[in-house]
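Understanding the architecture of this molecule
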Amino acid sequence: MLLNPSGLHSRRYYPHSSHFSLSSRCKLSLSPSCPCFINSKKSSKFRFLSLLLSPRNYTGRFIVKALAQEPQVSDSETLTADAPPSFPQPVSVKIPYGDRHILVETGNMGRQASAAVTVTDGETIVFTSVCLADIPSEPSDFFPLYVNYQERFSAAGRTSGGFFKREGRTKDHEVLVCRLIDRPLRPTMLKGFYHETQILSWVLSYDGLHSPDALSITAAGVAVALSEVPHSKIIVGVRVGLVGDKFVVNPTTKEMDDSELDLVLAGSDDAILMIEGYCNFLSEEKLIQAVKVGQDAVRAICNEVEALVKKCGKPKMLDTIKLPPPELYKHVEEIVGEDLVKVLQIKNKIPRRKALTALEEKVQTILTEKGYVSKDETVGTTELVPDLFEDEDEDEEVVLDGEVDEGDVHIRPIPRKSIPLLYSEVDVKLVFKDVTSKFLRRRIVEGGKRSDGRYADGIRPINSRCGLLPRAHGSALFTRGETQALAVVTLGDKQMAQRIDNLVGDDDVKSFYLQYTFPPSSVGEVGRIGAPSRREIGHGTLAERALEPILPSEDKFPYTIRVESTITEASWHNSMASVCGGCLALQDAGVPIKCSIAGIAMGMVLDTEEFGGDGAPLILSDITGSEDASGDMDFKVAGNEDGVTAFQMDIKVGGITLPVMEKALLQAKDGRRRILAEMIKCSPPPTNRLSKYAPVIHIMKVSPEKINLIIGSGGKKVKSIIEETGVEAIETEDDGTVKITAKDLSCLEKSKAIISNLTMVPTVGDIYRNCEIKSIAPYGVFVEIAPGREGLCHISELSSNWLPKAEDAVKVGDRIDVKLIEVNDKGQLRLSHKALLPETNAENPPAKPDTGDSTKDVAASSKTDRSMPKKSVSVLKDGAAEEKIQHPKDTVGTQKAVSSSKGNTTEDTLLSQKKVKAIKRTGSPSKEVSPINKERTKKSTVSVTRLVPLVYGDNDDGRASMLTINLGCEWAARW
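This section reports on the structure supplied with the text. As the structure is a prediction and not an experimental result, all values here were calculated from the model. (Residues numbered from 1 in each chain as written. Predicted model: local features only at pLDDT ≥ 70, side-chain atom pairs only at ≥ 80, totals over all residues. Heavy atoms only, no water.)

1. Remarks on the pairing of strand β17 (residues 474–480)
The buried count for β17 comes to seven of seven residues, which makes it a mostly enclosed element. Of the two faces of β17, the one carrying Gly 474, Ala 476, Phe 478 and Arg 480 and the one carrying Ser 475, Leu 477 and Thr 479 are both buried. Looking at chain direction, strand β16 (residues 462–466) and β17 are connected through five bridges and run antiparallel. Residue pairing for β17: Asn 463 is matched across the bridge by Thr 479. Taken together, the seven bridges between β17 and strand β18 (residues 483–492) define a ladder with antiparallel strand orientation. Within β18, the residue paired with Thr 479 across the bridge is Gln 484. Where β17 folds back on β18, the antiparallel hairpin that results is connected by two residues, among which Gly 481 adopts a positive phi of roughly 65 degrees. (Buried < 20%, exposed > 50% of the residue type's maximum accessible area, 1.4 Å probe, protein only. Helix = DSSP H or I, 4+ residues; strand = E, 2+ residues; numbered from the N terminus. Pairing = 2+ DSSP bridges.)

So, in C-alpha cells, the structure goes:
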C-alpha cells in the first residue's frame with residue numbers, strides 16, 4: 001500500500017512546487033539550515049515523512065506560510081487529470097445481408113476490449129468481443145486463438161432446464177458454431193504473432209426467425225478487423241439455402257424448413273476460406289452455383305466492412321511479430337536435407353514418424369547445443385588475423401622485407417576456427433516443420449508420387465467386414481490404409497432419443513445421432529481420456545449429417561438409431577471412414593437405408609511452380625495426415641455416385657477460387673465411386689435384417705378419442721399393461737398413434753391384443769362367450785369381454801329370476817355368456833346374461849341353471865318367487881342409480897313384463913284395440929320402499945313397472961290383455 005506523506009487525503013502533485021500541503025490554505029517548507037539535510041549521508045524517499053513523525057521539536061527550523069489562493073494549474077493539466085478515459089465514439093452502419101440489411105455497431109458495448117461489435121439481424125442480436133494478452137506466450141506453430149460462443153436462454157425468454165437455472169457447459173451445437181468461427185479466421189492470422197487472442201460471442205436476443213450462427217461469423221470477422229490483431233484479410237460469413245430452384249442468401253428459419261441445402265460459407269473479398277454444409281444428394285454443379293452465390297454476397301459485405309475499418313479500426317500490432325532467422329532455413333536443409341528425402345519415402349506411418357522425430361532431435365542438438373558451422377567454411381584452416389605486438393628481445397634482430405628498426409611493430413599470422421552458431425529451440429522446431437513440409441510438397445510435385453507410393457488421384461487399399469460383434473444390433477469395421485473405424489449401431493425406442501435444450505425449445509429430440517471417439521491409442525500415443533473434444537464433436541456431426549439423408553422415415557422404421565464410431569487406427573480423415581463404416585453398420589442392423597454412401601477427403605498443393613510444376617494446383621485424393629499438415633486444403637465430401645450429402649472445407653492459405661473447388665469436387669466424385677465399389681466387396685457382408693437382440697417395435701393406429709382408455713387414470717392402465725405383458729414401453733400420441741416396444745414377439749402380441757380390445761368399437765347386439773367375471777358390486781358384476789375391456793352386467797340382467805344379491809348366482813372367476821345391450825356416451829358397456837337365457841313363463845318355466853335337471857318342475861319355486869318383489873339397480877349414463885321394482889304377483893297368465901324407460905310398445909299396441917270398458921288392478925302394491933339413496937332419487941329416473949290387467953269387451957280369446965305401465969318417481973316413492 002502506498003503511503004501518503006501528508007497524512008491527509010491525497011492530492012494532485014504539482015511538479016513546479018517544492019513543498020507539500022498540510023491543508024488547502026498553508027504550505028510546509030523546510031529551512032535550508034535543517035540538520036537533517038546537513039548531516040544526512042544517504043537520501044530516503046520517505047525522509048519528509050520521517051521528519052513529521054520524529055519526536056524532536058523542529059519548530060525553529062520550519063517555516064509555515066499561509067497561501068492566499070490555490071496554486072494555479074494550467075488548462076492542459078486540468079484536462080489531462082480530470083478527463084475520463086478516452087473511449088471510441090459509437091459508430092453504426094447498415095450492411096447488405098442477403099435480401100435485407102444488418103446493423104453493425106461498435107463503441108456502445110465492451111469499450112475496454114480491443115474491439116467489440118453488436119450485430120443485429122431482425123430482432124436477433126449477437127455481441128462479439130476480441131481481447132489480447134499483454135504479454136506474448138511462447139512461440140509455437142499453433143496460433144493461440146480461443147473462440148467461445150454461447151446462446152443465452154434469456155435471448156428467447158427462457159431459462160435453462162437444469163437445476164441451477166443458468167447456462168452450463170458448452171453444448172454440442174455451440175461447439176459447432178465455435179468451429180465455424182475459428183476455422184476461417186485462423187489462416188488469416190500473421191505468423192509470428194504470439195499474443196493470446198480470445199473471441200467471445202453471445203447471442204443476446206433471438207427472434208426465432210434469423211439464425212445467429214452465420215451472423216456470429218460475420219460479427220467475429222468485423223471485430224477482428226477493428227482490433228489490434230494483425231491479420232491479412234477481412235472475413236465474413238453467410239448461409240445459402242435452396243428453396244425450390246432458387247438460391248437464397250441468409251434465409252430465415254421458415255425458409256430453411258423447405259430448403260434442400262444448408263451451406264455456411266466464410267471468405268474474403270477475393271477467396272473462399274471455409275465451407276460447410278449438408279444437402280439431399282445435390283449435384284456438384286448445383287453445389288458450385290451455391291458457392292458462387294455465397295461468394296458474391298461475401299464480397300459485398302467485405303466492401304462495407306472495409307469502409308468501417310478505415311473509419312474506426314485500430315492500428316495493428318505488427319511490431320510484435322517475431323519470426324525465426326531467415327538463414328536458419330538454409331542451415332536445417334544443409335543438416336538433414338538428404339535424410340529427409342529418404343525418410344519421406346517410408347510408406348508406413350509409425351516408422352516414418354519415428355524417423356522424422358530422430359531427425360528433429362539431431363537438428364536440435366546441433367543448432368541449440370553444439371552450434372552450427374556452415375559447410376562452405378573450411379573447418380580447421382588458419383586465418384590471417386592482424387596481431388599487434390612489440391618485440392621483447394632487443395638483441396634479436398628480425399629483418400623482413402627490409403630493415404626493421406628497434407621499436408617497430410611486427411605482424412604475425414594466428415590460426416582461428418569459425419564461431420559456431422546457436423539458435424533457440426522453438427525457432428528450430430518451427431523451421432524444421434516448414435522444411436519438412438517443403439520437401440514433402442516437392443516430392444509430390446516433382447516425383448509425381450506421394451509418400452505411400454500413390455499417384456495424386458490414388459485411393460488407399462480398402463477392407464471392410466460386418467457382424468464382428470455378435471451381441472450388438474449392427475457392427476462394421478472399415479479399414480482404408482492406416483485409417484480404421486469401428487462402427488456400432490444400437491436400436492431403441494423413443495426413450496433412447498437424444499434430448500436437446502436450445503433456444504428453440506427444450507423438448508427437441510433427435511431420433512438419429514452419431515457419436516465419434518478418437519482415443520490416443522489410435523495413433524500409438526498416451527493421452528488423456530475425458531469429455532469429447534471440439535474436434536470429436538465436429539467430426540461426429542459431419543458424419544451424422546452425411547448419413548441422415550439415407551435413413552428411412554419414422555413410419556417405415558420407428559426406431560431411435562445410435563451410431564458409435566470409434567477410431568481404432570488413425571491416419572487422418574477419420575470422419576470419412578466413420579461415414580463408410582456407419583453406412584455398413586446400418587445395413588448390418590437391418591435399417592432399410594435408401595442407398596449406400598461413402599466419404600473421401602481431398603487435399604491440394606498450391607504454387608507448384610516453386611517445385612518444378614506447371615503452376616496449376618495439384619489436387620490429391622484420399623489424403624493422409626502428413627499431406628493434410630503439409631498441404632493447403634482439407635476438403636471432405638460425402639455422398640453416392642449421383643450427389644453430395646455433406647461437405648466441409650478448410651483452407652490453410654489465403655483461400656481458393658471456384659475453378660479449384662470445382663476440380664476438387666469432380667475428382668472427389670470419382671473417388672467416391674471407387675470406394676463404394678470396394679464397400680460392396682465387404683466380407684462378411686451386412687445381414688440386412690434385425691438382430692434377434694434388437695427390440696421389436698410395432699406401430700398401430702387407434703381412434704384418437706380412445707387414447708385415454710389406453711393411458712387410464714394417472715397412467716395406471718398403461719402401466720398395468722406393461723407389467724402384465726412384459727413389454728419395455730408403450731408410447732401414445734394425440735393423433736392416435738400407439739408405439740409398442742418389446743423384447744420379443746410374444747410380449748408384443750399380448751400387449752397388442754389388450755390395446756386392440758381396449759380401443760375396439762363395440763356394437764349393440766354383439767355376443768361374447770365364456771367371459772370372466774372380474775369383480776362383483778352390489779348392483780351387478782363386471783365382466784371382461786376382452787383382455788383389458790370390461791362391462792357391467794346389472795343384477796337384473798344376470799338371471800330371469802329375482803336376485804337379492806349377485807353373489808347368490810355367480811362369483812368372481814366364473815365365466816358366462818353376455819350380450820351387449822347398451823353403450824353410453826362415456827363408452828361404458830352394459831351387458832346382459834339374461835338376454836341369452838331361454839324365455840320363462842308359467843307354462844314352461846326354465847330350469848335352474850345350477851341344477852342341470854330339465855325335468856324338474858319349477859312351478860313351486862316360481863310361485864314362491866312371486867311372493868316377493870324383484871328389484872334391481874343399474875348405473876345410468878350420468879352415473880346415477882336406476883332402480884326397478886317388479887312384483888311377481890302382478891303377473892297374470894303368460895303375459896311377459898317388459899320394462900322400458902324410453903317407450904312402451906305394449907301401450908302402442910293397446911291403442912289399436914277396442915274401447916276399454918274397465919281397468920282393474922290385481923294385487924296390492926308392496927309397502928317396501930326401494931333402498932335407493934334419497935338424495936339421488938330427486939336426480940334419478942326411477943321407473944316402477946306394474947302389470948295392469950285391461951278388460952276388453954268381446955275379446956276373441958276371452959282373455960284379459962296386460963299393459964305395462966311406467967309409473968313416475970313420486971308414485972314409486974309413495975308406494
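2. Examining the sheet that holds strand β31 (residues 780–786)
The strand order β30-β31-β32-β34-β33 describes a closed barrel built from five strands, whose pairing is mixed. Strand-to-strand twist across the sheet, computed as the mean angle between neighbouring axes with direction ignored, equals 55 degrees. In terms of strand pairing, strand β33 (residues 815–823) meets strand β34 (residues 829–832) through four bridges, oriented antiparallel. Each bridged residue has a counterpart across the sheet, and for Glu 822 the counterpart in β34 is Arg 830. (Axes fitted to C-alpha atoms, helices over the stretch in contact; angles between N-to-C directions.)

3. Some remarks on empty space enclosed by the protein
Under the criterion given, the structure shown has three cavities of 30 Å³ or more. For the second largest cavity, the full set of lining residues is Tyr 97, Arg 100, Asp 121, His 210, Ser 211, Ala 214, Arg 239, Asn 250 and Pro 251. Residue classes in the lining of the second largest cavity are distributed as three nonpolar, three polar and three charged. (1 Å grid on protein atoms, 1.4 Å probe; cavity = no way out; pocket = protein on both sides within 12 Å on 5 of 7 lines; lining within 4 Å. Points joined across faces, edges and corners; volume = space filled by probe spheres on them. Nonpolar A, V, L, I, M, F, W, Y, C, P; charged D, E, K, R; others polar.)

4. Structural notes on the state of the cysteines
In total, this model carries zero disulfides according to the counting rule given. No disulfide involves Cys 466; its nearest neighbouring cysteine sulfur is the one of Cys 682, lying 3.5 Å away. (Disulfide = S-S within 2.5 Å.)

5. A few points about the packing of helix α8 (residues 326–343) against helix α10 (residues 425–447)
Axis separation between α8 and α10 bottoms out at 10 Å; the angle between their running directions is 50 degrees. As summarised for this structure, α8 and α10 are arranged oblique, according to the angle between their axes. α10 is crossed by α8, and the crossing has right-handed handedness. Here Leu 328, Tyr 329, Val 332, Glu 333, Val 336, Gly 337, Leu 340 and Val 341 of α8 come into contact with α10, specifically with Asp 427, Val 428, Val 431, Phe 432, Asp 434, Val 435, Thr 436, Lys 438 and Phe 439. Class assignment of the residues belonging to the contact of α8 with α10 gives a composition of 11 nonpolar, two polar and four charged. (Parallel < 35°, antiparallel > 145°, perpendicular 65-115°, else oblique. Left-handed = near helix turned anticlockwise from the far one by under 90°. Contact = heavy atoms within 4.5 Å.)

6. Considerations on the pattern of salt bridges
In this structure the tally under the stated criterion is 39 salt bridges. Its salt-bridge partner being Lys 433, residue Asp 141 comes within 2.9 Å of it at the nearest N-O pair. With a gap of 292 residues between them, Asp 141 in the loop between β7 (124–132) and β8 (145–151) and Lys 433 in helix α10 connect regions that are remote in the sequence. Note that Arg 769 is salt-bridged to Asp 817, the shortest N-O span being 3.2 Å. On the criterion of sequence distance, the pair formed by Arg 769 in strand β30 (residues 767–777) and Asp 817 in strand β33 is long-range, its members being 48 residues apart. For Arg 769, a relative accessible area of 54% gives the class exposed. What emerges from the salt-bridge pattern is a single network uniting Asp 452, Arg 454, Arg 460, Arg 480 and Asp 622. (Salt bridge = Lys/Arg side-chain N within 4 Å of Asp/Glu carboxyl O.)

7. Regarding the nonpolar core
Grouped together as the largest cluster of nonpolar side chains are 134 residues, with contacts concentrated most on Leu 261, Ile 561, Met 633, Phe 635 and Met 661. Apart from the residues lying within four places of it in its own chain, the contact partners of Leu 261 are Val 240, Gly 241, Leu 242, Phe 247, Met 256, Tyr 278, Cys 279, Leu 282, Leu 287, Ala 290 and Phe 647. Grouped together as the second largest cluster of nonpolar side chains are 26 residues, Leu 340, Val 343, Phe 432 and Ile 444 included. (Core = buried A, V, L, I, M, F, W, Y, C linked by side-chain atoms within 4.5 Å.)

8. Points about helix α5 (residues 213–226)
The end-to-end C-alpha distance of α5, which contains 14 residues, comes to 20 Å, matching closely the 20 Å that a straight helix rising 1.5 Å per residue would cover. Of all 14 residues in α5, 14 are buried; the element is thus mostly enclosed. (Expected span 1.5 Å × (residues − 1).)

9. So, the pairing of strand β6 (residues 115–121)
Across the seven residues that make up β6, a large majority, seven, are buried. With four bridges joining them, strand β5 (residues 100–106) and β6 adopt antiparallel strand pairing. Considered in β6, the bridge of Glu 105 is made with Thr 118. Looking at chain direction, β6 and β7 are connected through seven bridges and run antiparallel. Each residue of the ladder has a partner; that of Thr 120, found in β7, is Ile 125. Count of turn residues in the β6/β7 antiparallel hairpin: two residues, of which Gly 122 carries a positive phi of about 65 degrees.

10. What to know about the sheet that holds strand β10 (residues 236–243)
Spatially, β11-β10-β12-β13-β26-β25-β23-β24 is the arrangement adopted by the eight strands of the open sheet, whose pairing is antiparallel. The two strands at the open ends of the sheet, each matched to only one other strand, are β11 (246–249) and β24 (618–621). This sheet shows a mean twist of 15 degrees between the axes of neighbouring strands, independent of strand direction. In this sheet, strand β26 (residues 644–651) lies alongside strand β13 (residues 272–282) in antiparallel orientation, the contact comprising six bridges.

The quantities given are spatial measurements derived from coordinates; they are silent on function.
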